[in-house]
Amino acid sequence: MSRARPGTRVPSGWVLGHVAGAPVVLAPSWLLVAVLLTWVFLPVVQRSAPDLGAAATVVAAAAFPVLLAASVLLHEIGHGLTGRRFGAPPSEYVITLWGGHTQFERDLPGPAVSALVSIAGPAANGLLALVSWWAAHAAAGVVGLLLWAAAVSNGFVAVFNVLPGLPLDGGRVLEAVVWRATGERASGTIAAGWTGRALAVAVAVVWVGWPLLQGSQPTPISAITVLLVSGFLWAGATSALRSARGARSAASIDLLRLARPAVSVHAGSTVADVEGALAAGVAVVLVSADQRPVAIASPAAVAELPAAIRDRTGLEAVLVPLGAASVVSEHRGLAAVRAMAEAQHAGPVAVLVDSPVPPARVLGVVSAADVAAALRRAG
């Protein structure tokens, strides 16, 4: 994706450009936010600059969501550049309905790095709020209005994002603290996930309750906004809790215990050479000259082959090619489950080896269905 040209449509949206090699992607959902914020900001522009024509007023109002998107991008770049500094470069920055997110090429290496990466985003917004506030004092008219709006919105985003609950950045910091204390990331995720759920309820109660305490009714726009914000927080926290429970289940997985035995053979073997092993439930894996698994024998194909010709039929007649993802060297925990998730896109089974680079010894063959069943039992 990093080579995609600006304007290219990718699964997450449209590529706008690149920052240090990582694509900046605009999700289609952002267009809804742009329209909504333009509509909300329009009367503010009309009151502040009544002499503007209709077209200029709409353009000025539309500039606000664009500035906000730029602020979101700087927030995500803060995450990405910090992650890159600690060995986890970003693979893409996405601007979405709810702000944005940064996808990393690999997991962050520890709780301290995770906390630093998380806090870098709100810090970027805080700095931008100060710069916008300073510049707003020297500007007038619509420009000054937009700068004030940028200062307020970035200040709010910075403060809101450091609240200690997932899916907010402050939740990631809390996750890192518990992770460091317990030695288990899932424990931190669960703690921050439940805090995120509490925040979702608190936001709804305060947002609706405060006007009631003042003797007024919440406006329709306010009610819709609190529903969306609280729903976003609740859904994000729930997703984090589900992910943490899945990670705990994955931690107990040992692919070697789920695998059936396998033997390695080289090119030149016949079906008769391996039918005994297949009948005993042993998988037959063809390896290349450098001991790299390249194919696996199909018991179903052997069963369909007449017995009279098996001794003169080459093994290649009953082989199923293996993709690169079907050769797995991770055997335990979350890394093994992720490897199996990739492998199942290429086929229903994966070959376990003792090394990620050849020459590698074949240790067994495991099916994606058996791994899924083990995860269900563990979870």
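Scroll up to find the structure.
Here's a quick rundown of the structure. Small disclaimer: the values here were computed from a predicted structure and weren't measured. (Residues numbered from 1 in each chain as written. Predicted model: local features only at pLDDT ≥ 70, side-chain atom pairs only at ≥ 80, totals over all residues. Heavy atoms only, no water.)

## Quick look at a nonpolar patch on the surface
The criterion, for reference: Surface patches are defined over residues having more than 30% relative accessible area and no salt bridge, joining like charges when they lie within 9 Å and nonpolar side chains (Val, Leu, Ile, Met, Phe, Trp, Tyr) when within 5 Å. For the accessible areas, the method is Shrake-Rupley and the probe is 1.4 Å, while residue cover comes only from the protein chains on display. Whenever Lys or Arg places a side-chain nitrogen within 4 Å of a carboxyl oxygen from Asp or Glu, that contact is recorded as a salt bridge. Only DSSP runs of H or I reaching four residues or more are called helices, and only runs of E reaching two or more are called strands; each is numbered from the N terminus.
A cluster of nonpolar residues, Leu32, Leu97, Trp98, Ile224 and Leu228, forms a patch on the protein surface that exposes about 470 Å² of accessible area. Looking at the element boundaries, Ile224 is found in helix α7 (residues 220–251).

## Looking at helix α6 (residues 185–213)
In plain terms, the rule: Residue count minus one, scaled by 1.5 Å, sets the expected span of a helix.
Over its 29 residues, α6 extends 41 Å from the first C-alpha to the last, a length consistent with the 42 Å expected when each residue adds 1.5 Å. Downstream of α6 by one or two residues, Gly215 has phi in the positive range, about 85 degrees.

## Some remarks on unusual backbone geometry
Trans is the prevailing form of peptide bonds, just as negative phi is the prevailing case for residues other than glycine. This is how it is decided: In this scheme, a residue with accessible area under 20% of its type's maximum is buried, one over 50% is exposed, and one in between is partly exposed, where area comes from a 1.4 Å probe on protein chains only.
Cis geometry is found at the peptide bond from Leu166 to Pro167, where omega equals 15 degrees. Structurally, Pro167 can be placed in the loop between α4 (141–161) and α5 (169–182). For the bond running from Pro358 to Pro359, omega is 0 degrees, close enough to zero to count as cis. Of note, Pro359 is situated in the loop between β11 (349–353) and β12 (362–367). Notably, Ala20 is not glycine yet its phi reads approximately 55 degrees, a positive angle. Looking at the secondary structure, you find Ala20 in the loop between β2 (13–19) and β3 (22–26). For Ala20, a relative accessible area of 52% corresponds to the exposed category.

## Considerations on the sheet that holds β2
Selection criterion: We treat two strands as partners when DSSP finds at least two bridges between them.
The strand order across the open sheet formed by five strands is β1-β2-β3-β4-β5, and the pairing between neighbours is mixed. At either margin of the open sheet sits one strand with a lone partner, and together these are β1 (9–10) and β5 (99–104). Bridge count for β1 against β2 is two bridges, and the pairing is antiparallel. Bridge pairing in β2 places Val10 opposite Gly13.

Purely geometric numbers; function is a separate question.
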